[in-house]
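# Working through the structure, step by step
Here is how the chains run, residue by residue.
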Amino acid sequence: MAGTAAEALLHPAVAWWPYVWPALWGVTGISLFAWAALRIRQKSHLQQPAQTLGDDPGPPLPDTTVAYDRAA
C-alpha cells in the first residue's frame, strides 16, 4: 500500500521505480500465501489432542466451582 501511495502521490521518476513497484505487489502476494500457510499450520496444531504420548493423565483436578446457593 505504501508503494501504491508513493506512485499515486509522488510520481517517482527514477529509473528503477518501474521495477520496484511491481516487485512490491509480488512481495505482498507472497506474504499473503505465507501467512495463509502458517495460519493453516497453526490451526491444525491447535486441533490436535493435548496428550499424544499416551501418558497417564494423572489424578483428577479438584472441584473448584463456587457454589452460590450455599450460605456462608
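Up top you'll find the structure we're talking about.
Computed from a predicted structure; not experimentally measured.

What follows is about the overall build of the protein chain. For the protein chain, the helix and strand inventory stands at two helices and zero strands. Among the 72 residues that make up the protein chain, the fraction classed as buried is 3%. Just so you have it, the protein chain exposes about 7000 Å², and 67% of that area is on carbon and sulfur atoms.

A cluster of nonpolar side chains, contributed by Val14, Trp16 and Tyr19, occupies part of the molecular surface with about 390 Å² of accessible area. With respect to the element layout, Trp16 can be found in the loop between helix 1 (2-10) and helix 2 (17-46).

Another aspect to go through is the packing of helix 1 against helix 2. Two elements in contact, helix 1 and helix 2, have axes separated by 9 Å at closest approach and are oriented at 145°. Seen from above, helix 1 lies across helix 2 with left-handed handedness. In this structure, helix 1 uses Gly3, Thr4, Ala6 and Glu7 to contact helix 2, whose residues at the interface are Trp17, Trp21, Leu24 and Trp25. A class-by-class count of the residues in the contact of helix 1 with helix 2 yields five nonpolar, two polar and one charged.

A separate point is the environment of Ala2. You can see Ala2 is positioned in helix 1. The class for Ala2 is exposed, based on a relative accessible area of 64%. Sequence separation between Ala2 and Leu24 is 22 residues; the distance between their C-alpha atoms is 9.1 Å.

About the cut-offs
Residues numbered from 1 in each chain as written. Predicted model: local features only at pLDDT ≥ 70, side-chain atom pairs only at ≥ 80, totals over all residues. Heavy atoms only, no water. Helix = DSSP H or I, 4+ residues; strand = E, 2+ residues; numbered from the N terminus. Buried < 20%, exposed > 50% of the residue type's maximum accessible area, 1.4 Å probe, protein only. Areas by Shrake-Rupley, 256 points an atom, 1.4 Å probe, with all protein chains shown as cover. Patch = residues over 30% accessible without salt bridge, like charges linked within 9 Å, V, L, I, M, F, W, Y side chains within 5 Å. Salt bridge = Lys/Arg side-chain N within 4 Å of Asp/Glu carboxyl O. Axes fitted to C-alpha atoms, helices over the stretch in contact; angles between N-to-C directions. Left-handed = near helix turned anticlockwise from the far one by under 90°. Contact = heavy atoms within 4.5 Å. Nonpolar A, V, L, I, M, F, W, Y, C, P; charged D, E, K, R; others polar.

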